[in-house]
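Here is how the chains run, residue by residue.
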Amino acid sequence: MSLAGNGSVYASIAANLAATAVYLFVGYQLYRRQVSPQARLASVQFSVWWAGLGADAGITGLQGVFYVGHALTFPLALTFEMIDLVVVSVLLWGLVGFLVYVYSGKYHLGWLTVYFASFYVVATYYILSEMPYAVGTQAGLPMLEYAGTGNLALALYVVLGILGPELVGAILYLTLLRRAHDATRRFRIALIGSSILLWFGLDLFIPSNTTEEVLVRSLLQFIPPLMALLAYFPPARLRARLGLASIDNGVETARGVTAQP
């Protein structure tokens, strides 16, 4: 491994492990919030989203640790990939479940669970159909190498399965600004909706082809969880300046009703 490659993977390890701590902290703080019984599942689902992002970053960081230690074998790398796919399926389930409840005030656990279970199965089949066979590198980072090309229709299903419901849900969530009237609710809707869109935007449009791009992308990915933390836990000075209520104000719904703790 070259010196530049070493720098890239070490930067990735540091950034991902630091991001893990931030994401897990946000997820834990949201999980321990006191909310009403009817909003509890939505609160847990949103915690799953942020904690899942922490797990995803942690898997990437841990894979880098094994790589620099010359211990990342192909079976181990493939295992990381399969575990990460489970994590991604669960965190997306959590995000969409939260957005559905916040927008409609109802849970639709049956079809959501079926949808993301099917997403996991199709994504697993697609990865295996590409015939991974070795561990390679890109910008100094470890990546699986594939001997074949998966079915295009399945690839589109996987991509749309990741982006479609989440982006639509986040946009619909932001439309609740028109129905919200108090400062606290508007503040949270704006920051949370924007943080979700920003996370997907960074993942889609920020390249990671060089060491510098890897580091910049990793640092920028700190912004969404910090926005969520600020939305739910604004500092006292900001609360006083903007007239925000305390954190114990619950989850907003499309009806403009706040679920009280």
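Located above this text is the structure these notes cover.
We now turn to the structure provided with this report. (Residues numbered from 1 in each chain as written. Predicted model: local features only at pLDDT ≥ 70, side-chain atom pairs only at ≥ 80, totals over all residues. Heavy atoms only, no water.)

1. Remarks on the layout of surface pockets
- Its volume calculated, the largest pocket comes out at about 1700 Å³.
- Lining of the largest pocket is provided by 49 residues; of these, D56, T60, D84, D203 and R217 occupy positions nearest its centre.
- Its residues assigned to classes, the lining of the largest pocket shows 33 nonpolar, ten polar and six charged. (1 Å grid on protein atoms, 1.4 Å probe; cavity = no way out; pocket = protein on both sides within 12 Å on 5 of 7 lines; lining within 4 Å. Points joined across faces, edges and corners; volume = space filled by probe spheres on them. Nonpolar A, V, L, I, M, F, W, Y, C, P; charged D, E, K, R; others polar.)

2. With respect to the packing of helix α4 (residues 109-129) against helix α5 (residues 152-175)
- Two elements in contact, α4 and α5, have axes whose closest approach is 9 Å; the angle formed by their N-to-C orientations is 145°. Crossing of α4 over α5 shows left-handed handedness. Together, Y115, F116, S118, F119, V122, A123, Y125 and Y126 of α4 and L154, A155, Y157, V158, L160, G161, I162, P165 and E166 of α5 make up the contact between the two elements.
- Here the residues of the contact of α4 with α5 are counted per class, giving 14 nonpolar, two polar and one charged. (Axes fitted to C-alpha atoms, helices over the stretch in contact; angles between N-to-C directions. Helix = DSSP H or I, 4+ residues; strand = E, 2+ residues; numbered from the N terminus. Left-handed = near helix turned anticlockwise from the far one by under 90°. Contact = heavy atoms within 4.5 Å.)

3. Re the pairing of strand β2 (residues 141-146)
- Bridge analysis of strand β1 (residues 132-138) against β2 gives six bridges, and the strand direction is antiparallel. The partner of V135 across the bridge, within β2, is L144.
- Linkage of β1 to β2, two consecutive antiparallel strands, is achieved through a turn of two residues, within which A139 is found at a positive phi near 55°. (Pairing = 2+ DSSP bridges.)

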